[in-house]
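# Report on the structure
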Amino acid sequence: QVQLVESGGGLVQAGGSLRLSCAASGRFRSINDMAWYRQAPGKQRELVAGITAGGYTNYEDSVKGRFTISRDNAKNTVYLQMNSLKPEDTAVYYCNALVMIVINRSDTYWGQGTQVTVSS
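To keep things clear, this report deals only with the structure shown in the data block. (Residues numbered from 1 in each chain as written. Predicted model: local features only at pLDDT ≥ 70, side-chain atom pairs only at ≥ 80, totals over all residues. Heavy atoms only, no water.)

Time to look at the overall build of the protein. Scanning the protein from terminus to terminus reveals 0 helices and 11 strands. Each helix (α) and strand (β) of the protein, taken in turn from the N terminus, gives the series β-β-β-β-β-β-β-β-β-β-β. Its C-alpha radius of gyration of 14 Å places the protein within 12% of the 14 Å reference for a compact globule of 120 residues. With respect to the principal axes defined by its C-alpha atoms, the protein has extents near 50 × 25 × 25 Å. When each of the 120 residues of the protein is scored for burial, the buried share is 38%. For the protein, the accessible area works out to roughly 6,500 Å², and carbon and sulfur atoms hold 46% of it. Between the averaged position of the 12 positive side-chain charges in the protein and that of its 9 negative side-chain charges there is a distance of 5 Å. (Helix = DSSP H or I, 4+ residues; strand = E, 2+ residues; numbered from the N terminus. Rg over C-alpha atoms; globule rule 2.2 N^0.38 Å. Buried < 20%, exposed > 50% of the residue type's maximum accessible area, 1.4 Å probe, protein only. Areas by Shrake-Rupley, 256 points an atom, 1.4 Å probe, with all protein chains shown as cover. Lys, Arg positive; Asp, Glu negative; His and termini not counted. Charge placed at Lys NZ, Arg CZ, Asp CG, Glu CD.)

Here it is in structure tokens:
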């Protein structure tokens, strides 16, 4: 069983910063891609940023230059540093990971979500 536990959400004023963390625990061989998604009320869940095991990153256009995704492989943890936050960044943020359980078997896992609210 693999668990992803997120932390770091909260309420912040526009222009402020937050740092989200997501730690993976359980029995597995390794973690491949990790990512952050978000879902605002009435909208579909969307990819915010992703990072490969080797450190290659990609970002949704609206967060480029403001958000930074990183990971600590020794701690099985992925981070999302969010700067210059805007009210439209308000959403529930979810951690996602592609986890190799054993050789030739990988599964996708989701965190429980953490609320980020940006006030204007």
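Don't stop here, the text continues.
Attention shifts here to the packing of aromatic side chains. Geometry of an aromatic ring pair is reported as the spacing of the ring centres plus the angle between the planes. Under the definition given, this model contains 1 aromatic pair. Taking the ring centre of Y79 as reference, the NZ or CZ of R19 above it sits at 4.1 Å. Cation over ring: R45 sits above W110, and NZ or CZ is 4.7 Å from the ring centre. (Phe/Tyr/Trp six-rings, centres within 6.5 Å; stacked < 30°, edge-to-face > 60°. Lys NZ or Arg CZ within 6 Å of the ring centre and 35° of its normal.)

Backbone phi values are negative for most residues with the exception of glycine, while trans is the configuration of most peptide bonds. One non-glycine residue with positive phi stands out, namely N76, at about 50°. Take N76: it is sitting in the loop between β7 (67-72) and β8 (77-82). One non-glycine residue, S84, lies in the positive phi region at around 50°. Among the structural elements, S84 can be located in the loop between β8 and β9 (91-102). The class of S84 is partly exposed, set by a relative accessible area of 40%.

Turning our eyes to something else, we now look at the pairing of strand β4 (residues 30-39). Across 8 bridges, β4 lies against β9 in antiparallel orientation. When the bridges of β9 are listed, A35 appears paired with N96. In this sheet, strand β5 (residues 46-51) lies alongside β4 in antiparallel orientation, the contact comprising 5 bridges. When the bridges of β5 are listed, A35 appears paired with G50. (Pairing = 2+ DSSP bridges.)

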